[in-house]
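Structural description and commentary
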Amino acid sequence: MQMDNQLPSKKVPGFCSFRYGLSFLVHCCNVITAAQRTCLNLTMVVMVNSTDPHGLFNTSTKKLLDNIKNPVYNWSPDIQGLILSSTFYGFVIIQVPVGYFSGIYSTKKMIGFALCLSSVLSLLIPPAAGIGVAWVIVCRAVQGVAQGIVGTAQFEIYVKWAPPLERGQLTSISTSGFLLGPFIVLLVTGVICESLGWPMVFYIFGACGCALCLLWFILFYDDPKDHPCISISEKEYITSSLVQQVSSSRQSLPIKAMLKSLPVWAIFIGTFAFFWSHIITTLYTPLFINSTLHVNIKENGFLSSLPYLFGWICGILAGQLSDFFLTRNILSVIAVRKLFTAAGFLLPAIFAVCLPYLSSSFYGIVIFLILAGATGSFCLGGILINGLDIAPRYFGFIKACSTLSGMLGGLIASTLTGLILRQDPESAWFKTFVLMAAINVTGLIFYLIVAKAEIQDWAKEKQHTRL
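Residues numbered from 1 in each chain as written. Predicted model: local features only at pLDDT ≥ 70, side-chain atom pairs only at ≥ 80, totals over all residues. Heavy atoms only, no water.

**Digging into the pattern of salt bridges**
Taken as a whole and assessed by the stated rule, the structure comprises six salt bridges. The shortest N-O distance in the salt bridge between R19 and E166 comes to 2.6 Å. Of the two residues, R19 is situated in helix α2 (residues 18-47) and E166 in the loop between α7 (157-161) and α8 (167-175); the sequence distance between them amounts to 147 residues. As far as burial versus exposure is concerned, R19 and E166 are alike and both buried. For K160, the salt bridge identified is with D223, shortest N-O distance 3.8 Å. Here D223 lies in the loop between α10 (199-219) and α11 (232-241) and K160 lies in helix α7, a separation of 63 residues in the sequence. Owing to a relative accessible area of 30%, K160 belongs among the partly exposed residues under this scheme. Here D223 falls in the buried class, since its relative accessible area comes to 12%. (Salt bridge = Lys/Arg side-chain N within 4 Å of Asp/Glu carboxyl O. Helix = DSSP H or I, 4+ residues; strand = E, 2+ residues; numbered from the N terminus. Buried < 20%, exposed > 50% of the residue type's maximum accessible area, 1.4 Å probe, protein only.)

Put into structure tokens, the structure is as follows:
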């Protein structure tokens, strides 16, 4: 079995090791970038001009000071939508280029400079808003490019830092930061806006990113062999476990072979289905809560944040369990990937389909809503790292292309769901969740049939497949 060839002679303890510390460092980078990306979703509420009459002559000093602390702008809904979506376009544009160049250039420099750029732009958004809306859009678009570099290039780290039997743990720890970031934003942004003013939200998260950037350049190295702080035993453990998979040379991308590879298409189609489900269970959660539970905005914000928190927990749990099954030889690599992919696809579909039938139960809706949004994180131990199994040499590029496929799924899902909600309000949620379940099951069936977990021939070093 493939697993036997990957076991090194001596294993170094996990949580106290340097590789887990670096995974936590990447986790913090993801928390910060996710917070910088999503905080505008809430600050926009107080940034735009309200309908309160401000033309009265006896405007109080308190209100004047509040306007200085929380400046407001006359942005139309269309302009607001353009500002909020501008990060997405920057993120999409950079995916494939960064997936290619992350396997060629220094990951340390790419992520470090991108994190620094995103943080500086976060600091610049409040003054940019005062100058003009066009500058805000430019800042957000470039920030999306920077965050796309951080989000995609980081997966190249695990080609040299993650032993095969610890990939689930290391990647789930770091990737779960994308879920913890929005949870923190939903909890603290409102408090900061009320007490310090909305510009401080961008200043705080921007300053945290700059400080983290310094730590990144000090602590991270592209190759464990070059790191001055890592122990000799851990260095030998990592390099020996990857001796058959990591090469110092980078071959030309075997694009034709990738396009003909069914395991690659299994990842692409599965990621399309995953993002479809993820977008619906996160983007439309506040709207579903509002239409069924009729709670106030503070309660809605709190309930909407819970799926992120439990998704963060489920993601880390998935990584721990997947590697536990591998290290104990309970399941093969492909069995683990398919098991956690099935859990990440079927459980959200089941819980979501049940939601329309629980309209009379407040706690039932809350529990199933949390489970529908959280259990998709089990894919962190499955399909979301499967590219590292089949083509570690090209993992960054495969991850970028699969993310692009997933974003297409998310875009279609959000657009189609909006149309369903407008045209058929009575049974809209039932149709939305049934369609989501159908997409998940279809993607899962295809993945279960053709997915692989061994290195493909075109991804091996002796193979010289070219365009």
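**A few points about empty space enclosed by the protein**
Applying the stated criterion across every chain, the model contains three cavities of 30 Å³ or more. Size it by volume and the largest cavity reaches roughly 50 Å³. As for the largest cavity, its lining consists of I280, T281, Y284, T285, F288, L355, L369, A372, W429 and F433. Broken down by secondary-structure element, the contributors of at least two residues to the lining of the largest cavity are α13 (262-283), α14 (285-292), α17 (362-374) and α20 (428-450). Grouping the amino acids of the lining of the largest cavity by side-chain chemistry returns eight nonpolar, two polar and no charged. (1 Å grid on protein atoms, 1.4 Å probe; cavity = no way out; pocket = protein on both sides within 12 Å on 5 of 7 lines; lining within 4 Å. Points joined across faces, edges and corners; volume = space filled by probe spheres on them. Nonpolar A, V, L, I, M, F, W, Y, C, P; charged D, E, K, R; others polar.)

**A closer look at the confidence of the model for the chain**
Averaged over all residues, the pLDDT of the chain equals 84, while 88% of them reach at least 70. Summarising per-element confidence for the chain, the mean pLDDT is lowest in helix α1 (residues 2-6) (42) and highest in helix α16 (residues 333-354) (95). Counting interchain partners and residues more than four positions distant, the pLDDT-below-50 stretch residues 1-9 has 21 contacts. In the model, residues 51-62 has pLDDT below 50 throughout and makes three contacts with residues more than four positions away in sequence or in other chains. (pLDDT = per-residue confidence, 0-100. Contact = heavy atoms within 4.5 Å.)

**A word on the environment of G396**
Looking at the secondary structure, you find G396 in helix α19 (residues 395-423). The class for G396 is buried, based on a relative accessible area of 0%. Apart from residues lying up to four places away in sequence, G396 is in contact with G99, S102, T152 and E156.

**Thoughts on the nonpolar core**
Counting 34 residues, the largest nonpolar core has I149, I157, W161 and W216 as the members making the most contacts within it. Those elements that provide at least two residues to this core are α2, α4 (77-101), α5 (107-131), α6 (133-153), α7, α8, α10 and α11. With near-sequence residues (within four places) excluded, I157 lies in contact with V26, T107, I111, W216 and F220. Counting residues in hydrophobic clusters, the runner-up holds 24 residues, among them W276, L293, A428 and M436. (Core = buried A, V, L, I, M, F, W, Y, C linked by side-chain atoms within 4.5 Å.)

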